Amino acid sequence: MSGFPPPLTQPQSLEQCLKQYFGYDTFRPGQREIIEQVLQKRDTLIIMPTGGGKSLCFQLPALLKPGVTVVVSPLIALMQDQVEALQDNGIGATFLNSTLSPHGVRQRVSAILEGKIKLLYVAPERLLSPQFLEFLDRIDAELGISAFAIDEAHCVSEWGHDFRPEYRQLKQVRSRYPHVPAMALTATATERVRRDIVKQLALQKPYVHVASFYRSNLYYQVIPKEKHRFTQLLNLMRSLDGSGIIYCSSRKRVEEVAFKLQKENIPALPYHAGMEDYERIENQTRFIRDDVQIMVATVAFGMGIDKPDVRFVIHYDLPKSLESYYQESGRAGRDGEAAQCLLLFSYGDVKTIEYLIEQKPDEDERRIARQQLRQVLDYAASTDCRHRIQLRYFGEEFPGNCGQCDNCRHQKPLEDWTVEAMKFLSCVARCQERFGMNYIIDVLRGSKSKKVLDRGHDKLSTYGIGRDKTADDWKLLARSLLHQGLLDQTTDGYSILKLNRHSWEVMKKQREVKVAVPPKPQLEQQSRSLAAEVGMLFEHLRKLRKTIADEKQVPPYVVFPDSTLQLMARERPASEADLLEISGVGTHKLRQYGRQFLSAINQFCEEQGLPLKSAPPKQQTISIWDTLSETLLKTLELYQQGLSVDAIADERGLKPSTIYGHLAELIALNYGDIDVDRLISPERQQVILNAIATVGDDSLRQIFEYLKGDYDYGEIKIMLAMWRSQRSSEIEF
Ligand code: ADP
Ligand code: ZN
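Every chain begins its residue count from 1, and numbering advances along the sequence as written. Here every chain gets a letter starting at A, and every ligand a number starting at 1, in the order they are written. It should be noted that, the model being predicted, local features are given only for residues of pLDDT at least 70 and side-chain atom pairs only at 80 or more, the latter also being counted only at that level, while totals for whole chains, interfaces and linings use all residues. Hydrogens and water molecules were not included; the side-chain quantities draw on all heavy atoms of the structure.

A short note on the overall build of the chain
Working definition: helices are DSSP H or I runs of at least four residues, strands are E runs of at least two. Numbering for both runs from the N terminus. Each helix and strand counted, the chain has 36 helices and 17 strands in total. Along the first, second and third principal axes, the C-alpha set of the chain runs to 110 × 95 × 45 Å. Buried residues in the chain amount to 50% of all 733 residues. By definition in these notes, contact holds between two residues if any of their heavy atoms fall within 4.5 Å. Counted over contacts in the chain with a minimum sequence separation of 6, partners at least 24 positions apart contribute 70%. Buried means the residue's accessible area, taken with a 1.4 Å probe over protein chains only, is under 20% of the maximum for its type, while exposed means over 50%, and partly exposed covers the values in between.

Notes on the confidence of the model for the chain
A low pLDDT score tells you not to read the predicted coordinates there in detail. Confidence scores labelled pLDDT are given residue by residue by the predictor and lie between 0 and 100. Within the chain, residue pLDDT values average 86, and 92% of them lie at 70 or more. The model gives residues 616-627 a pLDDT under 50, and that stretch makes nine contacts with residues more than four places away or in other chains. Across residues 729-733, where pLDDT falls below 50, the model places zero contacts with residues more than four positions away in sequence or in other chains.

Examining the site of ligand 1
Taken together, 14 residues are adjacent to ligand 1, and Tyr 24, Gly 51, Lys 54, Ser 55 and Arg 334 come closest. Here Arg 28 contributes a side-chain N or O atom positioned 3.0 Å from an oxygen atom of ligand 1. A 3.5 Å cut-off defines polar contacts: any pair of N or O atoms within that distance qualifies, except that in protein one atom must be a possible hydrogen donor and the other a possible acceptor, and neighbouring residues in sequence count only when both atoms are side-chain atoms. At 3.4 Å from an oxygen atom of ligand 1 is found a main-chain nitrogen or oxygen belonging to Gly 52. Here ligand 1 has 570 Å² of accessible area as a free molecule, and 82% of this is covered by the chains. Whether a residue is near a molecule or strand is decided by its heavy atoms; if any one of them lies within 4 Å of it, the residue is near. Using a 1.4 Å probe, accessible areas were evaluated by the Shrake-Rupley method; residue-level cover was limited to the displayed protein chains.

Considerations on a negative patch on the surface
Without a salt bridge and with relative accessible area above 30%, a residue can belong to a patch; like charges are then joined within 9 Å and nonpolar side chains (Val, Leu, Ile, Met, Phe, Trp, Tyr) within 5 Å. For this analysis, a salt bridge means a side-chain nitrogen from Lys or Arg found within 4 Å of a carboxyl oxygen belonging to Asp or Glu. A positive count includes Lys and Arg, and a negative count includes Asp and Glu. His and the chain ends are not counted in either. Charge placement uses NZ in Lys and CZ in Arg. For Asp and Glu, CG and CD serve respectively. Together, Glu 255, Glu 276, Glu 279 and Glu 282 give the surface a local cluster of negative charge. Its location among the elements puts Glu 279 in helix α13 (residues 277-288).

A few points about the side chain of Ser 157
Relative to the helices and strands, Ser 157 is located in the loop between β5 (145-150) and α8 (165-168). Taking the relative accessible area as the measure of exposure, Ser 157 reaches 0% and is therefore buried. A polar atom in the side chain of Ser 157 sits 2.7 Å from the side chain of Asp 196. Not counting residues within four places of it along the chain, the set of residues in contact with Ser 157 comprises Phe 163, Arg 168, Val 193 and Asp 196.

Some remarks on empty space enclosed by the protein
Space inside and on the surface of the protein is sampled on a 1 Å grid over the protein atoms alone, with a cavity defined as a set of points where a 1.4 Å probe fits but cannot get out and a pocket as an open set with protein on both sides within 12 Å along at least 5 of 7 lines; lining residues have an atom within 4 Å of a point. Grid points are joined across faces, edges and corners, and a volume is the space filled by probe spheres set on the points. Tallied over the full model, the rule gives three cavities of 30 Å³ or more. Quantified by volume, the largest cavity comes out at close to 50 Å³. Taken together, Ile 245, Phe 287, Phe 301, Ile 305, Lys 307, Val 310, Arg 331 and Arg 334 make up the lining of the largest cavity. Residues belonging to the lining of the largest cavity are distributed by class as follows: five nonpolar, no polar and three charged. Considering the residues around the second largest cavity, the lining is formed by Phe 213, Tyr 214, Arg 215, Tyr 220, Tyr 326, His 387, Gln 390 and Leu 391. The element best represented in the lining of the second largest cavity is helix α17 (residues 386-393), accounting for three residues. Partitioning the lining of the second largest cavity into residue classes produces five nonpolar, two polar and one charged. Gly is placed with the polar residues, together with every amino acid not listed as nonpolar (Ala, Val, Leu, Ile, Met, Phe, Trp, Tyr, Cys and Pro) or charged (Asp, Glu, Lys and Arg).

Here we look at the sheet that holds strand β11 (residues 294-297)
The parallel open sheet is built from six strands, whose spatial order is β8-β13-β12-β9-β11-β10. Looking at which strands have only one partner, the edges of the open sheet turn out to be β8 (218-224) and β10 (268-271). Strand-to-strand twist across the sheet, computed as the mean angle between neighbouring axes with direction ignored, equals 20°. Following DSSP output, two strands are said to pair if at least two bridges run between them. In this analysis, axes come from line fits to C-alpha atoms, helices being fitted only over the stretch in contact, and the angle between any two N-to-C directions falls in the range 0 to 180 degrees.

A short note on helix α1 (residues 14-22)
Among all positions of α1, only Leu 14, Cys 17, Leu 18, Lys 19, Tyr 21 and Phe 22 are buried. Looking at the buried residues of α1, the elements they touch are α2 (31-39), α3 (55-64), α4 (76-88) and α27 (576-580). Directly after α1, the chain includes Gly 23, whose backbone phi takes a positive value near 80°.

Some points on the environment of Cys 248
Its place among the elements puts Cys 248 in the loop between β9 (243-247) and α12 (251-263). The sequence separation of Cys 248 and Ile 150 amounts to 98 residues, and the corresponding C-alpha distance is 32 Å. In contact with Cys 248, other than residues within four places in its own chain, are Arg 253, Val 254, Val 257, Val 296, Ala 297, Thr 298, Tyr 316 and Asp 317.

Focus: the sheet that holds β5
Strands sit in the order β3-β4-β2-β5-β6-β1-β7 across an open sheet of seven strands; the sheet is parallel. Across the chains shown, the open sheet's two edge strands, defined by having one partner strand only, are β3 (93-96) and β7 (207-210). Averaged over all pairs of adjacent strands, the angle between strand axes in this sheet comes to 15°, irrespective of strand direction. Where β3 lies against strand β4 (residues 119-122), four bridges are found, and the strand directions are parallel. Considered in β4, the bridge of Phe 95 is made with Tyr 121.

Remarks on the coordination of the zinc ion (ligand 2)
Atoms of type N, O and S within 2.8 Å of a metal are treated as its donors, and for Na, K and Ca the window is 3.2 Å; water is not considered, so some sites may appear to be missing partners. Only Cys 385 (SG), Cys 402 (SG), Cys 405 (SG) and Cys 408 (SG) from the protein coordinate the zinc ion (ligand 2), and they sit 2.2 to 2.4 Å from it. Donor angles set the geometry label: tetrahedral for four donors if every angle is between 85 and 135 degrees, square planar for four and octahedral for six if opposite donors exceed 155 degrees and the others are between 65 and 115, irregular for anything else. Taken together, the four donor atoms surrounding the zinc ion (ligand 2) define angles of 98 to 119° at the centre, an arrangement classified as tetrahedral. For the zinc ion (ligand 2), all donor residues lie on one chain, and their spacing in sequence is C-x16-C-x2-C-x2-C. With Cys 385 in the loop between α16 (363-381) and α17 and Cys 402 in the loop between α17 and α18 (406-409), this residue pair connects regions lying 17 residues apart in the sequence. For the pair Cys 385 and Cys 402, a shared accessibility class is recorded, and that class is buried.

Digging into helix α10 (residues 191-200)
For α10, the set of buried residues is Val 193, Arg 194, Asp 196, Ile 197 and Gln 200. Down the axis of α10, the buried set is contained in an arc of 165°. They therefore lie on one face. In α10, those exposed residues whose orientation departs by more than 90 degrees from the buried face are Arg 195 and Lys 199. Phi for Ala 202, located one or two positions after α10, is positive at around 50°. As used here, the arc is the angular range of directions from the helix axis to the C-beta atoms.

Observations regarding the packing of helix α14 (residues 322-329) against α17
Contact pair α14 / α17: the axes reach a minimum separation of 10 Å and the direction vectors enclose 115°. Viewed along their axes, α14 and α17 form a crossing whose handedness is left-handed. The residues of α17 that touch α14, namely those facing Leu 322, Glu 323, Tyr 325 and Tyr 326, are Ile 389, Gln 390 and Tyr 393. Here the contact of α14 with α17 is composed, by residue class, of five nonpolar, one polar and one charged. Handedness of a crossing is defined here by the sense of rotation of the near helix relative to the far one, left-handed for an anticlockwise turn of less than a right angle and right-handed for a clockwise turn.

Side note on the nonpolar core
The criterion is simple. A nonpolar core is a set of buried Ala, Val, Leu, Ile, Met, Phe, Trp, Tyr and Cys residues joined through side-chain atoms within 4.5 Å. In terms of nonpolar packing, the biggest core is built from 140 residues, with Leu 136, Met 568 and Phe 597 touching the most fellow members. Considering every element that reaches this core, the biggest residue donor is helix α28 (residues 587-608), with eight residues.

Observations concerning the pairing of β5
Among the six residues that make up β5, six are buried, leaving the element largely enclosed by the rest of the structure. With five bridges joining them, strand β2 (residues 68-72) and β5 adopt parallel strand pairing. Its bridge partner being in β5, Val 71 is matched across the sheet by Ala 149. In the sheet, β5 pairs with strand β6 (residues 182-186) via three bridges, with the strands oriented parallel. If you follow Ala 149 over to β6, its bridge partner there is Met 183.

Considering the packing of aromatic side chains
Two aromatic rings from Phe, Tyr or Trp, using only the six-membered ring of Trp, form a pair when their centres are within 6.5 Å; if the ring planes differ by under 30 degrees the pair is stacked, by over 60 it is edge-to-face, and anything between is tilted. Applying the stated criterion to the full structure yields 14 aromatic pairs. A centroid spacing of 6.3 Å and a plane angle of 25° characterise the contact between Phe 424 and Trp 474, whose relative ring orientation is stacked. Taken together, the residues span a long stretch of sequence, with Phe 424 in helix α19 (residues 418-430) and Trp 474 in helix α22 (residues 471-483) at a distance of 50 residues. For the ring pair Phe 435 and Tyr 439, a centre distance of 4.2 Å and an interplane angle of 20° mean the geometry is stacked. In this pair, the class of Phe 435 matches that of Tyr 439, namely buried. Three or more aromatic residues joined by ring pairs make a cluster, and in this case those are Tyr 220, Tyr 325 and Tyr 379. Seen from the ring of Phe 230, Lys 260 lies directly overhead, with NZ or CZ sitting 5.1 Å from the centre. A ring is considered to have a charge above it if a Lys NZ or an Arg CZ atom is located within 6 Å of its centre and within 35 degrees of its normal. Sitting over the ring of Tyr 639, Arg 678 keeps its end group 3.9 Å from the ring centre.

Next up, the structure:
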């Protein structure tokens, strides 16, 4: 168990405390205001989206106030994660729950009573047991309880999606310790649940903070599913970095996709409710610890899983509702770093879902399910800002134009495709409504396939009138017609295209057809924009992090979050002071990991010939900088611009031999990468070297005379410097 944080020797600003304990430089929106209120013992209700940084709002005050903060958290896994992360920051935190042995409990209890613990995590059911309440009385009397922090506070409400009756009894604890302020934290979006929380937890004139549910680090994109959907997924996987979740709608699909990915050497594991408990837990742990990169899962995966560095969430099947889509995709990028949320969408899938909906016995259920499906479809087909659609669903006004969704980045222009639609529909008519989409496109594009020729469809008036567009363009149009209800398709498994009333309106030019033309589906490559070296160093540091994490048996993000490794890769810190400047590196982390990360960075930079942020204080480096005079540097600068010796001499108003002298000095210092071949022809070099070998390297003049004045002093100086530096390296090795 880690120790109590060192006492603050002098009053510090909240920012300084943030840096010292957590290594961060600035507060996230809202955090500072909340913390100030909490320090004044006010009750608070904090509503922030996942990844908003709720925990810090009770963790930092807990360190600044005397006594113990009791954190109520419903999920054991979450508790352990948070406690591990705190301990790794050198903060005294522990949990008490049913997984501990009696001995483990006793140890923790005495640590608490010895004042080593600032944050005590408990499950709600334990909080209410008589023994625990007695223990709390003791804490209250001897140390003081600084606050109750009630995480996932929506569990108190029947209106929420995760009601837990134990939460209702928290009210009793509140009345037992009326002097202790309470904090309720949740990511719940609905107004009704919020009001219920205030009532059920008897919050007194609480300070309420409702953050925007906009997650600016998440990039949303809808990608039309291609025919070979697994290949498409595979290509997608190969272009994505980091951990990711692939959500599928059924257990069978989960098994299938995980299996196929494994066969393609992509480290993926399945997760669904039909698996044995131990297997599920093991797969989950391996994902959290970065042993595998991909989790293929049903929606059973995610609740209470707190991996902050999930870099992408792909929905391989349609989500059930827009709300579930927000929650599931929102499991990406909890650490605030860029992450991608991709929805693979196909109208074909809709049919399956519709079929399943119609199997539901209850009409109300069917109605709600249909409506939810429609909202998801509208989302997928919309050309509006994706964030805006989601936030509007939660009653939040968002201006759109986010730059963080496919629609905002590539405004899909609505194009008038009436003429194309007329061509397509009349081709369906000429083929007597007996074929599917691909066949119609074949005819339009003048295919010479046997099928088309045998049927004599090359004689149709619509044969070959669509050569100006690609097959994909035609598919886009066909899907859009289907989606807009301007064309029908049978659901008997053959997907035969059928004309309807609206189709005829189009063909009679009574109706315009507008199609939102998306850019070619391609992945946004945000992380790729970084220079290749930064990416390589990042990977290198990730490996180190993984090794350390495995040794300590904690998830890698506990050691450092991705963002911190990214900064290290970008800044290439050389000293402990440099490292401490990086967000996410506090003093405790520096002591624990500083040396390992610095030497990894140093080694990488040496291998790759990259400069460090500030050169490490090596004797040699300093001496070079001391030796390099102003005039030497000026010569070097001109040399590096590609000027010849004569040109440099001209430019500087010096004699060429002086410039040669400068360059010789640089060679002697092994500085500036002077290319001798640029200065002296190889033949002349050889003659001078022979002379040095014959008369020795003691006297410049002797060499000059031996060469009978055919060679300049400057050239000889250069070769002498070369000779000496080569000799000295021979001696060394
Ligand atoms: P929530 O509980 O709201 O889902 P967390 O408290 O788990 O979110 O915080 C999400 C992530 O953001 C964590 O990795 C946390 O360390 C990080 N974080 C929180 N506050 C800050 C901050 N001020 N600066 C940088 N990172 C922060
Ligand atoms: Zn947008």
